[in-house]
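Given next are the chains, with one letter for each unit.
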Amino acid sequence: MAHLVLLTLSVLAGVVLGYGAGTVFHRHRTRHRAAADRLICGTQERDLAALRTRLADRKAADTALTEACSTIDAAYARTRHSQEGGPTP
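The rules we used
One numbering rule holds for all chains: residues counted from 1, following each sequence as written. The predicted origin of the model limits local features to residues at a pLDDT of at least 70 and limits the giving and counting of side-chain atom pairs to 80 or more, whereas totals for whole chains, interfaces and linings rest on all residues. Only hydrogens and water are set aside; all other atoms, that is, all heavy atoms of the structure, feed into the side-chain values. Helix numbering and strand numbering both begin at the N terminus, where a helix is a DSSP run of H or I of at least 4 residues and a strand a DSSP run of E of at least 2. When accessible area is computed with a 1.4 Å probe and restricted to protein chains, residues below 20% of their type maximum are described as buried, those above 50% as exposed, and intermediate ones as partly exposed. Exposure above 30% relative accessible area and no salt bridge define the residues that can form patches, which grow by joining like charges within 9 Å and nonpolar side chains of Val, Leu, Ile, Met, Phe, Trp and Tyr within 5 Å. Accessibility throughout is a Shrake-Rupley quantity obtained with a 1.4 Å probe, and a residue counts as covered only by protein chains that appear here. Each reported salt bridge corresponds to a side-chain nitrogen of Lys or Arg within 4 Å of a carboxyl oxygen of Asp or Glu. Contacts described as polar in this section are N or O atom pairs within 3.5 Å, which, within protein, must combine one atom able to donate a hydrogen with one able to accept it, while residues neighboring in sequence count only if both atoms come from side chains.

Colleague: Would you mind going over the overall build of the chain in detail, with residue names and values included?
Modeller: Helix and strand counts for the chain come out as one helix and zero strands. Every one of the 89 residues in the chain was classed for burial, and the buried ones make up 0%.

Colleague: Tell me about a nonpolar patch on the surface, and please be specific about residues and values.
Modeller: On the surface, a nonpolar cluster with roughly 840 Å² of combined accessible area is contributed by Met1, Leu4, Val5, Leu7, Leu9, Val11, Leu12 and Val15. Tracing the backbone through its elements, the reader meets Leu7 in helix α1 (residues 2-83).

Colleague: Outline the environment of Thr43, supporting the account with residue identities and numerical values.
Modeller: Secondary-structure assignment places Thr43 in helix α1. Among the polar contacts listed, one links the side chain of Thr43 to the backbone oxygen of Leu39, at a separation of 2.9 Å.

Here is the structure:
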């Protein structure tokens, strides 16, 4: 009878220790996963901010290029018109 009680207590102790170890492992894994998610999100936010900056720079360059082309086209049109003998606008 004493062996049966000792065996039961050792099995219960093993179950409790196993449950405790599993809980600690899962909490540890969850904490590390959350930290990894924060790092990934931070990296993605920095990349997104860099892309937005590049897009704004590109839009500004496109606007300047469009204005320059319009100025050149207007100057070319005036020059061509004056070469044909007509009045310059």
